[in-house]
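Observations on the model geometry
If you want the building blocks of each chain, they are given just below.
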2 protein chains.
Amino acid sequence: MRADLEVRRLRRKLARAQAQLRALKNETPDESGVAVSPLAPKGGFPDLPVIPGVEFASVAAGVRYRGRTDVMLARLCTGTTIAGVTTRSATRSAPVLDCEEKLAMTPDLRNGAAIIVNSGNSNAFTGGAGQKSVQEITQAVATRLNIPQSRVFSSSTGVIGEPLPHERITSVLDELTKALSDTAISDAAHAIMTTDTFPKGTATEAKLGEDTIRIAGIAKGSGMVAPDMGTMLVYIFTDAKIDTALLQSILRRLTDRTFNAITVDSDTSTSDTLLVAATGQTGDDIVAGSANEAAFSDALHKVMRDLSHQVVRDGEGATKFIEVTVTGADSPEDARRCALAIANSPLVKTAAAGEDPNWGRIVMAVGKSGAKADRDLLSIRFGDILVAENGWVAESYREEDGVACMRADEIVIHVDLGLGEASDTVWTCDLTHGYISINADYRS
Amino acid sequence: MRADLEVRRLRRKLARAQAQLRALKNETPDESGVAVSPLAPKGGFPDLPVIPGVEFASVAAGVRYRGRTDVMLARLCTGTTIAGVTTRSATRSAPVLDCEEKLAMTPDLRNGAAIIVNSGNSNAFTGGAGQKSVQEITQAVATRLNIPQSRVFSSSTGVIGEPLPHERITSVLDELTKALSDTAISDAAHAIMTTDTFPKGTATEAKLGEDTIRIAGIAKGSGMVAPDMGTMLVYIFTDAKIDTALLQSILRRLTDRTFNAITVDSDTSTSDTLLVAATGQTGDDIVAGSANEAAFSDALHKVMRDLSHQVVRDGEGATKFIEVTVTGADSPEDARRCALAIANSPLVKTAAAGEDPNWGRIVMAVGKSGAKADRDLLSIRFGDILVAENGWVAESYREEDGVACMRADEIVIHVDLGLGEASDTVWTCDLTHGYISINADYRS
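From a predicted model like this one, the values you see are computed outputs, not experimental measurements. (Residues numbered from 1 in each chain as written. Chains lettered and ligands numbered in written order. Predicted model: local features only at pLDDT ≥ 70, side-chain atom pairs only at ≥ 80, totals over all residues. Heavy atoms only, no water.)

1. Some remarks on the overall build of chain A
Test applied: A helix here means a DSSP run of H or I that spans at least four residues, while a strand means a run of E at least two residues long, and both kinds are numbered starting from the N terminus. Working definition: with a 1.4 Å probe on protein chains only, accessible area under 20% of the residue-type maximum means buried, over 50% means exposed, and in between means partly exposed. Here, two residues are considered to be in contact whenever any of their heavy atoms come within 4.5 Å of each other.
Secondary structure summary: chain A contains 13 helices and 16 strands in total. Buried positions account for 61% of the 444 residues belonging to chain A. Within chain A, counting contacts between residues at least 6 apart in sequence, those at least 24 apart form 81% of the total.

Next up, the structure:
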């Protein structure tokens, strides 16, 4: 029994230390050297360019947190087109349902638009009161900015099942609108954080004929400290000129290769929302099938991939960034299914945490995925190291080479199914004591 | 940084303590008060009845472990019918593939049969050598017992990707056959253990007309200490008289409600095998659709449910036994999908570990499951406590009631989708530091 008691004592000590770390996080989510994920991009938050036609403001409304900003407003100029994708959850939140309705409408572009986001309360599973809160907030913003309510998009992230005190948000709208500035996107990235350990932002440019357009984006996620729901929120802004339908179709295609190709723990939020706003301030209309469309799409993909990877790098307790590529699959569906089975396998993720080149667990994950597979055609690589082939460990494989691959911060797992031409890549992080501490120990 | 270093130090200490626990386990997997799961059935291994027509033997062959038995042989009398189910993994092991072939054959019941199982090496992902090992072992047993090779079933559990030293098994067959005894089933349950913390067995009786038949079963699983593969092996023996086809159809139906309704970490072994042998020594032929079939099926279900729950109770790091019931589903598929989404959710499982009545995570799991659901019709209960209904937390719900439910060793989660008549129940355990330590820390 003594060893057992010792373990309990260590777990309590570990839990307390983690609780201290989380306390630090919530006070200063990004300025604390202790709390920031070891996988955070070096150099801190990037300098993001001004996007003509977009202004930002953020304030501390005290929705739930104290001593930090928790509401951000983005005002978008007349003519701005907006596209979006949201969670497929059957229990999605009131703001998500409201966004879906508005995204489905044909907008009157003679009006401007707005995006308002609060952290601290997700307004999810709040019944009829949740819908009323969305109404109150979006109507107040519409009145304040003199635009139709149908052009005001809202998101909420934070605790679930508690009524959103929307008056705390509507009561700061004067302050917000006074503060609007085209250089305040970094503050906006901070205001939407919940348990994120660093604010997430990135930007790029694209040459469309003579014109250079800019794309800048911010994101939050996917920390989940109970009783909060982990929520992924992404807002991308560009001065390019593109109609809603084309922007929506490009966004859908790119989402499948970016935000739909990442997983932290296979759990899906009720609030995930991604909006892209194009203000049309620079260049001519982007025409479907044109070189300009290709250039714009490539630039948007770059921004979306970067932000989606930053979300994984801030995964709870993450110490490894893992890329899983499956090639030689019988179909694209099989490639995705197999890659996600590996990326979501607790045994694969704990092996990564333990820096263990445990290729047997990858064989297991391939086997359980439901994807068509033949043991004797399967090959597995860690980075460039061939680990297994022809239904057995590779003759050339040496355990120490595998260990070296797993010691890196970034691990690449490559499975070739040897059956067809289809391939896919997904990204995840490892499963560590940190994840358990964040999600289980806070009551210890 | 100091808090961070402190956490690392605690993790190393925790990992070392866990390693000591595991070392204890492997030496004396069931006699150590330290290692045994807190969810293990009270009173230790049950007294199992003799099943007329079945003899058992086990020896220490040194396949991998030292100082413990690791091979078990069961000899089955002439006329024994055998049914079985195996893993659906696309990378299943050589013995599984061999069992599948033999289960598909029409057996010559004028011969006896045998089951031989080794622990320490799963003979999975061992290419052609793996098939040769199965041939060598089953042929040697067939010769030794003077029965056709087609009636010798084998299983292997343990390390993956290493050639099975089958000569260590064939060389102990004399010793095994000499030791055969109809009272040695408990020793057999020990010999098939790998990282199990307790041997698993149960038995029952059924009255078929004038006759009383017995059913006794043993199981191992689902511990997975890298680089071993977690394997679920189940062997059930009865003296009832029932033809192979009927036994197989009963087994398939019951498996769906027992061994296919449990999950520890959503990962599936390459070696899972369940065999039922009916020696026909007692009573008349069981006729399809008869009262005797119903009585036999109920008794077999009882044994299978008990063994499957024991597997969950020995889940790695488990401290809570969790039953998830979904009612009011639109279809049986939706009920199962929704129940498994809850049971496999890392956030639900860590909430249980933290004794946190975090119903928001259950809403999330329902939402992501893909099952048809309507937020406003959904209701959630912990045990008898109504937690949420009509799309919001229940007015009557008090947090302290929820906490009381979560403090128990056994947690019951009940979700009613309020849509249809379909329902299902699955069983799982919580996700704890113990799981991470077992699967990630052994290299720390």
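2. Observations concerning the sheet that holds strand β5 (residues 152-159) of chain B
Residue and element names in this part refer to chain B. Rules: What makes two strands pair is DSSP finding at least two bridges between them. Working convention: axes come from line fits to C-alpha atoms, limited for helices to the stretch in contact. Angles between N-to-C directions cover 0 to 180 degrees.
Taken in spatial order, the 4 strands of this open sheet run β1-β2-β4-β5, and their pairing is mixed. The open sheet terminates on both sides in strands that have one partner only, identified here as β1 (54-59) and β5. When the angles between neighbouring strand axes are averaged without regard to direction, this sheet yields 10°. Sheet topology places β1 next to strand β2 (residues 71-76); 6 bridges connect them, and they run antiparallel. Bridge pairing links V59 to V71 in β2. Sheet strands in contact with helix α3 (residues 127-145) are β2, β4 (113-121) and β5, and its direction is about 135° off that of β5.

3. Describing the UniProt feature "binding site: substrate" (unreviewed entry) in chain A
Residues and elements named next belong to chain A. Where we set the bar: UniProt positions are given in the numbering used here, feature names are shortened, and annotations may be inferred rather than shown by experiment. N or O atoms closer than or at 3.5 Å make up a polar contact, with two conditions inside protein: a donor-capable atom paired with an acceptor-capable one, and, for residues adjacent in sequence, both atoms drawn from side chains.
Sites flagged by UniProt as "binding site: substrate" (unreviewed entry) map to T194, K220, T231, E316, N439 and S444. Secondary-structure assignment places K220 in strand β7 (residues 211-220). Overall, K220 belongs to the buried group, its relative accessible area being 0%. Setting aside its immediate chain neighbours within four residues, K220 contacts T157, I192, M193, T194, D196, K200, T231, M232, L233 and V311. Among the polar contacts listed, one links the side chain of K220 to the side chain of T157, at a separation of 3.5 Å. With respect to the element layout, N439 can be found in helix α13 (residues 433-440).

4. Notes on the side chain of A:S331
Within the secondary structure, A:S331 sits in the loop between β11 (321-329) and α9 (332-344). Here the side chain of A:S331 touches A:D334 through a polar contact of 3.0 Å, landing on its backbone nitrogen.

5. Details of the pattern of salt bridges
Our working rule: The salt bridge criterion pairs a side-chain nitrogen of Lys or Arg with a carboxyl oxygen of Asp or Glu, the two atoms within 4 Å.
Applying the stated criterion across every chain, the model contains 44 salt bridges over all chains. Between A:D174 and A:R144 there is a salt bridge, with the nearest N and O atoms lying 2.4 Å from each other. With A:D174 in helix α5 (residues 173-179) and A:R144 in helix α3 (residues 127-145), the pair connects residues that are 30 residues apart, well separated along the chain. Here A:R144 falls in the partly exposed class, since its relative accessible area comes to 37%. Notably, a salt bridge pairs B:K200 with B:D196, separated by 2.8 Å at the nearest N-O pair. For the pair B:K200 and B:D196, a shared accessibility class is recorded, and that class is buried.

6. A short note on helix α13 (residues 433-440) of chain B
An α-helix turns once every 3.6 residues. As a result, residues three or four positions apart point the same way. All names here are of chain B. Counting buried positions along α13 yields 8 of 8 residues, so the element is predominantly enclosed. When α13 is considered as a whole, its buried residues turn out to be H433, G434, Y435, I436, S437, I438, N439 and A440. Backbone nitrogen of G434 and a side-chain oxygen of the N-cap are separated by 3.0 Å at the start of α13; the cap is T432.

7. Side note on the nonpolar core
Where a protein is soluble and globular, its nonpolar side chains tend to be buried together. The following threshold applies: Within this scheme, the nonpolar core is defined by two criteria: the residues are buried Ala, Val, Leu, Ile, Met, Phe, Trp, Tyr or Cys, and they are joined through side-chain atoms within 4.5 Å.
A:F296, A:I342, B:F296 and B:I342 are the most contacted members of the largest nonpolar core, which has 162 residues in total. In this structure, A:I342 is in contact with A:V324, A:V326, A:V348, A:I362, A:A365, A:V366, A:I413 and A:V415, ignoring residues within four places of it in sequence.

8. With respect to the environment of B:F259
All names here are of chain B. Relative to the helices and strands, F259 resides in the loop between α7 (244-257) and β9 (262-263). The exposure class assigned to F259 is buried, which follows from its relative accessible area of 6%. Linking F259 and G391, residues 132 residues apart in sequence, is a C-alpha distance of 33 Å.

9. A short note on the sheet that holds strand β13 (residues 385-389) of chain B
Residue and element names in this part refer to chain B. Read across the sheet, 7 strands follow the order β9-β16-β11-β15-β12-β13-β14 without closing on themselves; strand pairing throughout is mixed. The open sheet terminates on both sides in strands that have one partner only, identified here as β9 and β14 (392-393). Of the strand pairs in this sheet, strand β11 (residues 321-329) and strand β15 (residues 410-416) are connected by 7 bridges, and their pairing is parallel. Following the sheet pairing, F321 is matched in β15 by E410. Contacts from helix α9 (residues 332-344) reach β9, β11, β15 and β16 (422-429), with the element oriented near 20° to β16.

10. A look at helix α10 (residues 346-353) of chain A
Counting buried positions along α10(A) yields 7 of 8 residues, so the element is predominantly enclosed. Following α10(A) by one or two positions, A:E355 adopts a phi angle in the positive range, close to 55°.

11. Considerations on the packing of aromatic side chains
Rules: Pairs were defined over the aromatic rings of Phe, Tyr and Trp, the Trp ring being its six-membered one, requiring ring centres within 6.5 Å. Orientation was assigned from the angle between planes: stacked under 30 degrees, edge-to-face over 60, tilted for the rest. Two conditions define a charge sitting above a ring: the NZ of Lys or the CZ of Arg must be within 6 Å of the ring centre, and it must be within 35 degrees of the ring normal.
Within the structure shown, the criterion is met by 4 aromatic pairs over all chains. Between A:F56 and A:F237, the aromatic rings sit 5.0 Å apart at their centres with planes inclined by 90°, giving edge-to-face as the arrangement. Of the two residues, A:F56 is situated in strand β1 (residues 54-59) and A:F237 in strand β8 (residues 233-238); the sequence distance between them amounts to 181 residues. The same class applies to A:F56 as to A:F237, namely buried. Above the face of the B:F198 ring, B:K200 is positioned so that its terminal group lies 4.4 Å from the ring centre. Lying over the aromatic face of B:F321, B:R313 brings its terminal NZ or CZ to 4.2 Å of the ring centre.

12. Some thoughts on the UniProt feature "active site" (unreviewed entry) in chain A
Residues and elements named next belong to chain A. Here, UniProt's "active site" (unreviewed entry) annotation points to T231. Positionally, T231 belongs in the loop between β7 and β8. Taking relative accessible area as the criterion, T231 reaches 1% and is therefore assigned buried. Beyond its immediate chain neighbours, meaning those up to four positions away, T231 contacts T157, K220, G221, S269, S271 and D272.

13. Overview of the domain arrangement of chain A
Residues and elements named next belong to chain A. This is how the line gets drawn: In this document the domain limits rely on a domain assignment from an automatic tool or a database. In short, buried area is how much 1.4 Å probe accessible area vanishes from two parts on joining, totalled over both.
Here chain A is described as being made up of domain 1 (30-314) and domain 2 (321-441). Here domain 1 and domain 2 have C-alpha centroids that lie 33 Å from each other. With 15 residues of domain 1 at the contact, the number on the domain 2 side is 16 residues. Carbon and sulfur atoms supply 54% of the area buried between domain 1 and domain 2, which totals about 1400 Å² over both sides.

14. Considerations on the packing of α10(A) against helix α11 (residues 359-368) of chain A
Residues and elements named next belong to chain A. Condition: These descriptions rest on fixed angle ranges, namely under 35 degrees for roughly parallel, over 145 for roughly antiparallel, 65 to 115 for roughly perpendicular, and the rest for oblique. Crossing handedness is read from the near helix: turned anticlockwise from the far helix by less than a right angle, it gives a left-handed crossing, and turned clockwise, a right-handed one. Any residue outside Ala, Val, Leu, Ile, Met, Phe, Trp, Tyr, Cys, Pro, Asp, Glu, Lys and Arg is labelled polar, Gly included; the first ten of those are nonpolar and the last four are charged.
Look at α10 against α11: their axes get within 9 Å of each other, and the N-to-C directions meet at 160°. Classified by the angle their axes make, α10 and α11 are roughly antiparallel. In this structure, the crossing between α10 and α11 has a hand that is left-handed. Judged by residue contacts, L347, V348, T350 and A351 of α10 engage R361, I362, M364 and A365 from α11. Classifying every residue of the contact of α10 with α11 gives 6 nonpolar, 1 polar and 1 charged.

15. Notes on the pairing of β15(B)
Residues and elements named next belong to chain B. Only one face of β15 is buried: it carries I411, I413 and V415, and the other face, with E410, V412, H414 and D416, is open. Pairing of strand β12 (residues 379-382) with β15, which is carried by 4 bridges, proceeds in the antiparallel orientation. Its bridge partner being in β15, R381 is matched across the sheet by H414.

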